[in-house]
Amino acid sequence: MFTVFDLKDSTPLAPDELRAVRRVLEDYCRTAAGAWLRNFPFRRFELRWCPAMTGDVMGAFTLLHPWTIYLMPWSGEAVDGMHDYARISWAELITPTVIHELRHAWQFRRNPLLYAVCCLPLLREITLERDAGRIGSEAESIVESTTGWHTGREFERRRKTQDK
């Protein structure tokens, strides 16, 4: 079970992982669903891998560290030297979780006192989590299409290079 005490063992995303997440976030911001993020300082947030996150908990925003988003690290095994590709792919795939957690940060910044009240167990599920869950669900399909688009472009670029 993940607790806030586990946050101390977190490590920052590698530069290539951070670039992958930021690229997907920029694509998301250009959509109608991502309009709320355009005027929010999401680039200021530090993204960190928290090794204690497993199973159900894929991300966390906490008032203890209001400019940090904690994420579940990739734990799979890569085959045939594809470790870097797998890490970067995981960073892209976890971006809807980043968006979900950024929504919590956005909720907090809009009204810190109301956010604190809504963190109470019964209120949390019908207020904060319902809103962030909706945003995260919308983001999943957007992220899936944008990462597919980027992957397709990269495939075409490589194919054209090899054909020459």
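A short tour of the structure in this document, coming up. Everything numeric here is computed off the predicted structure, so don't read it as measured data.

Calculation notes
Residues numbered from 1 in each chain as written. Predicted model: local features only at pLDDT ≥ 70, side-chain atom pairs only at ≥ 80, totals over all residues. Heavy atoms only, no water. Helix = DSSP H or I, 4+ residues; strand = E, 2+ residues; numbered from the N terminus. Buried < 20%, exposed > 50% of the residue type's maximum accessible area, 1.4 Å probe, protein only. Contact = heavy atoms within 4.5 Å. Areas by Shrake-Rupley, 256 points an atom, 1.4 Å probe, with all protein chains shown as cover. Pairing = 2+ DSSP bridges. Axes fitted to C-alpha atoms, helices over the stretch in contact; angles between N-to-C directions. Core = buried A, V, L, I, M, F, W, Y, C linked by side-chain atoms within 4.5 Å. Salt bridge = Lys/Arg side-chain N within 4 Å of Asp/Glu carboxyl O. Parallel < 35°, antiparallel > 145°, perpendicular 65-115°, else oblique. Left-handed = near helix turned anticlockwise from the far one by under 90°. Polar contact = N/O pair within 3.5 Å; in protein donor to acceptor, adjacent residues only side chain to side chain.

## Some words on the overall build of the chain
Along the chain, the regular secondary structure elements total 7 helices and 4 strands. Going from the N terminus to the C terminus, the chain shows its helices and strands as β-α-α-β-β-β-α-α-α-α-α. By residue count, 41% of the 164 residues in the chain fall in the buried class. Sequence separation of at least 24 residues holds for 62% of the intrachain contacts in the chain that already meet a minimum separation of 6. As displayed, the chain has an accessible area near 9900 Å², and 58% of this comes from carbon and sulfur atoms.

## Topic: the sheet that holds strand S4 (residues 65-71)
The sheet built from 4 strands is open, its strands ordered S1-S2-S4-S3 with mixed pairing. One side of each edge strand has no neighbouring strand; the edge strands of this open sheet are strand S1 (11-12) and strand S3 (59-62). Where S1 lies against strand S2 (residues 46-49), 2 bridges are found, and the strand directions are antiparallel. Across the sheet, the residue bridging to Pro 12 is Arg 48, located in S2. The sheet strands contacting helix H4 (residues 95-110) are S2, S3 and S4, and the helix crosses S3 at an angle near 15°.

## Examining the nonpolar core
Note on soluble globular proteins: their nonpolar side chains tend to be buried together. One finds Leu 37 and Leu 102 to be the most contacted residues of the largest nonpolar core, which totals 39 residues. Those residues in contact with Leu 37 that lie beyond four places of it in its chain are Leu 25, Tyr 28, Cys 29, Phe 42 and Leu 102.

## Remarks on the pattern of salt bridges
Per the stated rule, a full pass over the model turns up 9 salt bridges. The shortest N-O distance in the salt bridge between Glu 129 and Arg 124 comes to 3.0 Å. Its salt-bridge partner being Glu 138, residue Arg 134 comes within 3.6 Å of it at the nearest N-O pair. Remark: Glu 138 and Arg 134 occur in helix H7 (residues 128-163); sequence separation between them is 4 residues, near one turn of the helix. Assessed through its relative accessible area of 42%, Arg 134 is described here as partly exposed. Since its relative accessible area comes to 32%, Glu 138 is described here as partly exposed. Through salt bridges with shared partners, a single ionic network connects Arg 103, Asp 131, Arg 134 and Glu 138.

## A short note on the packing of helix H1 (residues 15-29) against H4
The N-to-C vectors of H1 and H4 enclose an angle of 65°; their axes lie 10 Å apart at closest approach. With respect to each other, H1 and H4 are oriented roughly perpendicular. When the axes of H1 and H4 are compared, the crossing they make is right-handed. Contact residues: H1 offers Val 21, Val 24, Leu 25 and Tyr 28, while H4 offers Thr 95, Val 98, Ile 99 and Leu 102.

## Description of the environment of Glu 46
Inspection of the secondary structure puts Glu 46 in strand S2. Residues Glu 46 and Trp 67 lie 21 residues apart in sequence; the distance between their C-alpha atoms is 6.3 Å. Among residues more than four places away in sequence, those in contact with Glu 46 are Pro 12, Trp 67, Thr 68 and Ile 69. Separated by 2.7 Å, the side chains of Glu 46 and Arg 48 make a polar contact.

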